[in-house]
Every structure is written in C-alpha cells, then in structure tokens.
Amino acid sequence: MAQWEKLRQLESVYLTQVDELYDGDAFPMDVRHYLAHWIEGQDWDRAARDHDVAMLLFQVLLENLDIQHSRFVQGGESFLLQHNIRRFKQSFQRYQEEPYNLANIIQWFLVKEKEILQNAELAEQVQLLQVQQSPMETDSQRNIERKMTDLKNKVQVSVSVSLKSMLSGMGVLLDGVEELLCVLVREELVQWQRRQQKACIGAPDSTCLDQLEKWFTTEAECLFQVRKFLKKLEELMGKVTYDQDPVKKQKPALQKRVDSLLTSLLKSAFVVETQPSMPQGKGPLVLRTNLQFSVKTRFLVKFPELNHAMKVNVSMDRYRRFNVLGTSSKALNMAESMSGGMVADFRHLTLKEQKSGGGGKGIHDLSLSVTEELHIINFNTEFLLHDMSVSLETSSLPVVIISNSSQQQSAWASILWFNMLCLEPKNLLFFANCPAATWPQLGEMLSWQFLSSTTRGLESNQLDMIAHKLFGKQQSYDACNISWTKFSKENVPNTNFTFWVWFDGILFMVKSHLENLWKDGYKLFMDKTLLKKKQRGTFLLRFSESIRDGGITFSWVDYSPTGEPDVRSVQPFTKVDLGQIPFHEIIRNFQILEEENVPENPLLFLYPDTPKVEAFGKYYTEKSGADSQYIKYIKTKLVFVSKENTLEAKSPMYSDTVECEGSGPMNPRYGLAGEAFGESPSLPLSPGPMFSVAMLVPDEDQNPTLQEFFNDPNMYDYIINQHPTPGWYGGTHFKALLQRAGEDE
C-alpha cells in the first residue's frame, strides 16, 4: 500500500499530526495528495545532491500540475481547486534556479510521514501486549482467574525481557551517538575552524560546510527520533505498568543523556561561516570604524521548519565599547545561501566607537598598539523545537579595529601573525606575550600572500632567498625563528621600514604592475651572484631591498678583457615608475654606452639562457623606438649603474634575531649620492633616447636627489679626481655627459 494511503487510514490522533505537518506553506498537502503516486516513486534523496536530476524532477512536477489542472477543468471540478493548483505551480517557480532545495523539502516531508507511520505502528504493537480482564460469570471463575494470573505473569516476564533488551540496545545506540558526536565536534569541526583561520590569511584550504551540515543534521534527526520514542514510552507507561518495569527505572537516565547529547550538538552547530570583512580591505578581520562590513553565520542543523524561525543578534565585546550600527538582528533562512544552508547574512554592519570619559581600555590596558588590540563579534540565537529549548552562541575570529586607512597595513600584519600561530581563537591577549614564528611557518604564510593575490605562491628557491636575507647562509632554515617585533615593529637595519612593510610593498607591486610576469612563472626573488658563470648579456630580475614600498631592478653580467665576470645593476624602479611604463618596455628599451659611444642594450638572455625576445616578446607593444607610446618616458638623461659590491647587503636583514649561525654586520646600501655612490665607479647611460631608473619626463621636475647631484659643481671634480683617465669610465667623459644632460633640460 502506498505511504499516503496508509497515512489516510490512521486514527484521528495521527491524522492530526499529518495536518500539523502540512500546516505551513513549504509543501502543500493538495500537491502531496493529487500527485502521491508520482511523488513516492521518485528518488528525492539523489535529487537533493544532483542538480541535473533535481532540475528534471522539478520540470516533471510542473508538468504534472498542468495535467492535474486540466483534469479539474475537464471534470468540472470547483473553481477553487483549479485556482489552488495554478497558485501552487506559481509558488514552485521560486525553486527554478535551485531545484535541489525543493527536492530537499519533499524528501524531508516524506521522512516525517514515515515517522508518523512508525509511531502509529509502535502504539498498535504495545496495545496488543495489554491484557484486559473480562468479568467472570461462570462456575469455573476461579480456575480461569488462576490461569489468567499465570498468563499475566508470563506476559510481564516476556515484555520485561523484551523492554530490557530494547533499553539496553538504546544505551548501546547512544554510545555510538556520543562517539560520533565527539568526532564531529572535537575533530571535524575543529579542523574546519583551523582551515578557516588559514584561509583567512590566504591558504588554499576548503572552508565548505555542506558535508558538516549533512552530518550534524543527520545526527540531530536521530537524536530527536530517540527523544520521540522515549516520550512515547512515557505515555504508555502512564497507561500500563507493573512492578519491576524497566522503563520506569531506566527511562529518566536515558532521557537526560539524549538531551545532553542533543544540547551539545546544537550548541556546536552554530558557527560563523564567513568572517567579518570590508569590501575595500586588504583581507578579512580588519575593520574600520564608520565603514560597512559583512559577516555570515550558519546553523548546521538544517530543519526546514526552522526557516525564518531563529533570530540572530549581533553584539561586541566590552573591552573597547563599540556601537554596532545597521541591521544587527536577522533570522536564519535558506534563501541567502547558494547551497540552501540555514544562514543569517549581515551585509551592512558598521562599528562606531563610543566616547567615554575616565574609562580605560580594561583588558587591553597594556602596552599594545591599536593594531595589536583584538576584539570579538558575538552572535546569539534561540533554538526552540519539539519542546527542546537551547540558547546558542558563537563568535568571530578576533578582529582588529582601526580608524584610519594608514593603520591597515599594520593591522593586517597582526591578523596574519595571530592566525598563523594561535590555536585559541578567543585569546585576546595574544600580543601581550606573542610567540615567535619558525621559518617554515613564516615561509608558508608569505607564500600564501602571493598565492591569494596572484594565484601563484613562492617557490622553494624564492623562499630560500628570503630566508637567506633574514637569517644569513644556513644549511637548513627549519630551526630559525623570527619574533613578532622583528617581523612588524622594528626597522630593518639601515632602513626606515620593517620587514613586513618591505614584503607587502613588493606584493603590491607584483599585484599592480608585474602580475602577468609573476603568473607566467618569471623568477623575481633571485641572487645576482648566479650570473658569474653565465654568458655575457645574461640578466636576471630582482626585488630591491632598499625601497620601502617595493622596487624592482635587473642585473647583468659582462666580462673584462682578462675574462673576469663583471656584474652590473641599475637603481631599482618603483611603483611610480611602473605606473608610467611597463617593466617589459623598460627591459626592451634599456641601453648603455659601450666603447666608442655606441648605445647598446646589454640585456640579451634572461637567466639562465632564454633569449630576451623569446622571454618578453609576447608582452611588447607593436610600436617601438620613436613610435612607442612610451617614448616620452624613454627620453631621459642619466642612469647610475652600480658594481656588484655596492648594491646588495651581504648579511642578513636581522643579524640580531637569528637563532642559528651565520650572521654578520650590515653593509651600506647603494644610493644615488653619498658614500655608497662614491665607493665604486658608475656607468652613465647614453644621453639620447635611453631609459632612466628615475623615469624622468621632459619638462617635469627630476628626482630631488638626482637634481641635487646635478646642481653640485663639486661632484664633477670629485668624479674627475676619482677617475682621471678619459675613456669608458673616465671622469672627463662622465662630466661631459652630465653637462650635456643639464643643457638638454
């Protein structure tokens, strides 16, 4: 017999339950009734997981509604029935884009129907066990009475054994439920939370909750089913009981255990699916006062009857007082989730700090900067279903709240460090006693920054290059540590910026101006000493270590008449430069003066041995030379080219933080003037259409440092005295070029 037909034949008490089941608008009883045979013949569970199957069944459902409407019309059925069928079809149109949601709902109703049938069958079986005595009206009353008593005792013993076995089995069942709950809450959920932490700082970890939602929902359904069974036993116990009834003794303990497991499951099922973030921020968890941010919560127990029934409220911690402005209360619903999950998506929240006189920072009354203060956004709601009420709470990962965009870089560094190292998401005093990071931890996190920004992370040789700059030459960097202070608060020796500011500047430069080169696999973290054994004209690309907001340069190798390698570099190009002309056009048009004043581009082979045109030709514009759209940036006067020993430091950036051997003193940096410039000869470029490191545009002000150099007559004499021999490097030739450059301006 079909399931729907069985339901229609139940006693009135169970028919009332069916009426209550179909009391809402999620799935009309009329549709269930008229399409009962077709509905029960479909695989709705598969449709809920397979979009194509769901779409097919959705279309057939609409066709069947059209057919049923035609039957009503032909059969002269009431206008009301015809109207309702049309209305139901229109209502189902909302599932056009996500038909699997409708499949989920239909499957859920079919399961609930089975539960009603099972409850009815259980009650019927228990009723058969009841023994009712009839009045004795014959002379054999005593004999029958004795036999009846004997029968009753036998039945009680039989039932008692059956109930004891059943209740014992229930205990074993709950043991399995508890074991599975521990796996879900203490392992799977914890692992997801860690993946979410890492994903917030760029890791390519999956944070999808669909599988966890399926597991949590299934376990909750099972526990509610056990709860219903225990309630039914309690009702039966009120009708019939006897001495030594095992239900009377064991049921309270079972009930308490079921409720405890269910409460634990429900409390763990309320999570923050998408952490707080601003659309214009560097990453999540950095919020700015008076600017909107969004955050999404999710309840992993997906019961359709809870749709729009649980209201979520937002609040802040009380260490620094903030008002949460915007819509700070929303109901969990399935309409705001692509997967049909039960979510509350807060899209337009704003924080405004409360000004209070005389108050302190409370728990943050420590020597912490604003960008080291951590705050938590709290969410709470109430679960109420089947006389089960549980208060639910969850919270975001710690956020840093700033009031000015200039604090964003430092705030993002705090978020990176916290989520890289901290496994206690509510540790708001993390930076009061901040641990150091090992190089493997730091290197992985730095690689994630490139991966999340450009889809390509750092390779092992690039990471080794950065590690060498931080810790010096080591056989292995695994034992090397770097502190939070050295990472983000103390300046790199002989500079006015931290390691993080330098790295973040490079990341911005790659994302803004070098993304194509980076995505195509070009290596930009390289050591120019690799050029010493390569053929003449081999060059490589390198990030500068001397420019705060990121700089890139290139070095090439030439050979002296005696065969000695001579590695040369130009002063780094900045993001301002690359905003005027692409880096590949710089490489394309770069020239120097060779012997007999013949301009020549010394860049021939990209390391290790790729011809320049083969490496960069695909990026070139169609026109070159005087026809190039970048010609106004190419006509410049002078570029300084440095010898190898004046451009890069030979020792680690942080010689005093290395916890392994190999540190040494920091050498002076390369510059346009001053001591570093005077330590070695420099090679001027041709004064014609050449390329300048400073991107000097005609009729525009020159770089102040370079202009001061031009204006200082003593500098000419200094160069002549240092290099009195005329010729390629001669002071006389160099002075002439400088004078000519001044005349051109």
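About the cut-offs
- Think of each chain on its own: its residues are numbered from 1, step by step along the sequence as written.
- With pLDDT at 70 or above as the cut-off, local features in this predicted model cover only qualifying residues; side-chain atom pairs require 80 or more to be listed or tallied, and sums for whole chains, interfaces and linings still use all residues.
- Heavy atoms from the whole structure form the basis of all side-chain values; hydrogens and water molecules are not counted.
- UniProt positions are given in the numbering used here, feature names are shortened, and annotations may be inferred rather than shown by experiment.
- Only DSSP runs of H or I with at least four residues qualify as helices, and only runs of E with at least two residues qualify as strands; both kinds are numbered from the N terminus onward.
- Only protein chains enter the accessibility calculation, which uses a 1.4 Å probe. A residue is then buried if its area is under 20% of the maximum for its type, exposed if over 50%, and partly exposed in between.
- Contacts were defined at the residue level, with two residues in contact if any of their heavy atoms lie within 4.5 Å.
- For the accessible areas, the method is Shrake-Rupley and the probe is 1.4 Å, while residue cover comes only from the protein chains on display.
- Note on ring pairs: Phe, Tyr and Trp rings are taken, using the six-membered ring of Trp, and paired if centres are within 6.5 Å. Classes follow the plane angle, with under 30 degrees stacked, over 60 edge-to-face and the rest tilted.
- Lysine NZ or arginine CZ positioned within 6 Å of the ring centre and within 35 degrees of the ring normal marks a charge as sitting over the ring.
- Any two strands are treated as partners once DSSP identifies two or more bridges connecting them.
- Note on definitions: angles span 0 to 180 degrees between N-to-C directions of axes, and those axes are lines fitted to C-alpha atoms, for helices only across the stretch in contact.
- Each nonpolar core is a collection of buried residues, namely Ala, Val, Leu, Ile, Met, Phe, Trp, Tyr and Cys, held together in the definition by side-chain atoms within 4.5 Å.
- Between 65 and 115 degrees an angle is taken as roughly perpendicular, under 35 as roughly parallel, over 145 as roughly antiparallel, and anywhere else as oblique.
- What makes a crossing left-handed is the near helix being turned counterclockwise from the far one by less than a right angle; a clockwise turn instead makes it right-handed.
- To estimate how far a helix should reach, multiply one less than its number of residues by 1.5 Å.
- Residues adjacent in sequence count toward polar contacts only when both atoms are side-chain atoms; beyond that, a polar contact is any pair of N or O atoms within 3.5 Å, and within protein one must be able to donate a hydrogen and the other to accept it.
- Amino acids are sorted into nonpolar (Ala, Val, Leu, Ile, Met, Phe, Trp, Tyr, Cys and Pro), charged (Asp, Glu, Lys and Arg) and polar (every other residue, Gly among them).
- Like-charged residues within 9 Å of one another, or nonpolar side chains (Val, Leu, Ile, Met, Phe, Trp, Tyr) within 5 Å, are grouped into patches, provided each residue has over 30% relative accessible area and no salt bridge.
- The salt bridge definition used is simple: a Lys or Arg side-chain nitrogen within 4 Å of an Asp or Glu carboxyl oxygen.
- For this count, His and the chain ends are skipped, Lys and Arg are scored as positive, and Asp and Glu as negative.
- Working definition for charges: the position is that of NZ of Lys, CZ of Arg, CG of Asp or CD of Glu.

Going by the annotation in an unreviewed UniProt entry, the name recorded for the protein is Signal transducer and activator of transcription, with Oncorhynchus kisutch given as the source organism. Per UniProt, the comment on the protein under Sequence similarities (unreviewed entry) is "Belongs to the transcription factor STAT family."

(A) Just the overall build of the protein, in detail. In terms of regular secondary structure, the protein is built from 25 helices and 21 strands. Here the protein holds 745 residues, and 49% of them are scored as buried. Contacts in the protein between residues far apart in sequence, at least 24 positions, make up 70% of those at least 6 positions apart. A total of about 36500 Å² of accessible surface is found on the protein, and carbon and sulfur atoms cover 49% of it.

(B) Examining the packing of aromatic side chains more closely. Enumeration according to the criterion identifies 35 aromatic pairs in this entry. Taken together, Trp417, Phe418, Phe430, Phe431, Phe450, Trp484, Phe487, Phe499, Trp500, Trp502, Phe503 and Trp518 form an aromatic cluster joined through their ring pairs. The ring of phenylalanine 303 has lysine 112 lying over it, and the distance from NZ or CZ to the ring centre is 5.8 Å. The ring of tryptophan 518 carries arginine 456 above its face, with NZ or CZ at 4.3 Å from the centroid.

(C) How the structure looks around the sheet that holds strand 9 (residues 388-395). Reading across the sheet, the four strands line up as 6-4-8-9 and stay open at both edges, with antiparallel pairing between neighbours. Of all the strands in the sheet, just strand 6 (329-331) and strand 9 have a single pairing partner and so form its edges. Each neighbouring strand pair of the sheet contributes to a mean axis angle of 20°, computed without reference to strand direction. Note: strand 8 (residues 377-385) against strand 9, eight bridges, orientation antiparallel.

(D) Spatial organisation of the nonpolar core. Among the nonpolar cores identified, the biggest contains 141 residues, and Phe299, Phe383, Trp417, Phe487, Phe554, Phe583 and Phe616 are the most heavily contacted of them. In this structure, phenylalanine 554 is in contact with Leu540, Leu541, Arg568, Ser569, Val570, Phe573, Phe583, Ile586, Ile587, Phe590 and Leu603, ignoring residues within four places of it in sequence.

(E) Geometry of the packing of helix 13 (residues 439-454) against helix 16 (residues 499-513). Packing of helix 13 against helix 16 leaves a shortest axis separation of 10 Å and a crossing angle of 25°. Here helix 13 is positioned roughly parallel relative to helix 16, judged by the angle of their axes. Remark: the crossing between helix 13 and helix 16 carries right-handed chirality. Judged by residue contacts, Leu446, Gln449, Phe450, Ser453 and Thr454 of helix 13 engage Phe499, Phe503, Ile506, Leu507, Val510 and Lys511 from helix 16.

(F) How the structure looks around helix 13. End to end, helix 13 covers 22 Å across 16 residues, agreeing with the expected 22 Å (1.5 Å per residue, within 8%). For helix 13, the set of buried residues is Trp439, Leu442, Gly443, Met445, Leu446, Ser447, Trp448, Gln449, Phe450 and Thr454.

(G) Examining the side chain of aspartate 558 more closely. Tracing the backbone through its elements, the reader meets aspartate 558 in strand 14 (residues 551-559). Using a relative accessible area of 16% as the deciding quantity, one classes aspartate 558 as buried. A polar contact of 3.1 Å, which involves the side chain of aspartate 558, links it to the side chain of arginine 536.

(H) The pairing of strand 3 (residues 293-299), seen in detail. Counting buried positions along strand 3 gives six out of seven residues, so the element sits mostly inside the fold. Across five bridges, the pairing between strand 1 (residues 270-277) and strand 3 is antiparallel. If you follow phenylalanine 270 over to strand 3, its bridge partner there is phenylalanine 299. Looking at chain direction, strand 3 and strand 7 (residues 342-353) are connected through six bridges and run antiparallel. Its bridge partner being in strand 7, threonine 297 is matched across the sheet by alanine 344.

(I) Highlighting unusual backbone geometry. Cis geometry marks the peptide bond from tyrosine 607 to proline 608, where omega comes out at 10°. Within the fold, proline 608 resides in the loop between strand 19 (605-606) and strand 20 (610-611). Unlike most non-glycine residues, asparagine 494 shows phi in positive territory, near 65°. Position of asparagine 494 among the secondary structure elements: in the loop between helix 15 (484-488) and helix 16.

(J) Focus on the packing of helix 6 (residues 51-74) against helix 7 (residues 79-92). Between helix 6 and helix 7, the shortest axis-to-axis distance is 9 Å and the interhelical angle comes to 165°. When the axes of helix 6 and helix 7 are compared, the pair comes out roughly antiparallel. Once helix 6 is placed against helix 7, the crossing between them reads as left-handed. On helix 7, the residues touching Phe58, Leu61, Leu62, Leu65, Asp66, Gln68, His69, Phe72 and Val73 of helix 6 are Leu81, Gln82, Ile85, Arg86, Lys89 and Phe92. Of the residues contributing to the contact of helix 6 with helix 7, the split by class is nine nonpolar, three polar and three charged.

(K) Just a negative patch on the surface, in detail. Together, Asp19, Glu20, Asp23 and Asp25 give the surface a local cluster of negative charge. Note that aspartate 23 resides in the loop between helix 2 (12-21) and helix 3 (29-34). For aspartate 23, a relative accessible area of 64% gives the class exposed.

(L) Quick look at helix 12 (residues 408-421). Here helix 12 spans 20 Å end to end across 14 residues, near enough to the 20 Å set by a 1.5 Å rise per residue. Counting buried positions along helix 12 gives 12 out of 14 residues, so the element sits mostly inside the fold. Every buried residue belonging to helix 12 is among Gln408, Ala411, Trp412, Ala413, Ser414, Ile415, Leu416, Trp417, Phe418, Asn419, Met420 and Leu421, and all of these are buried.

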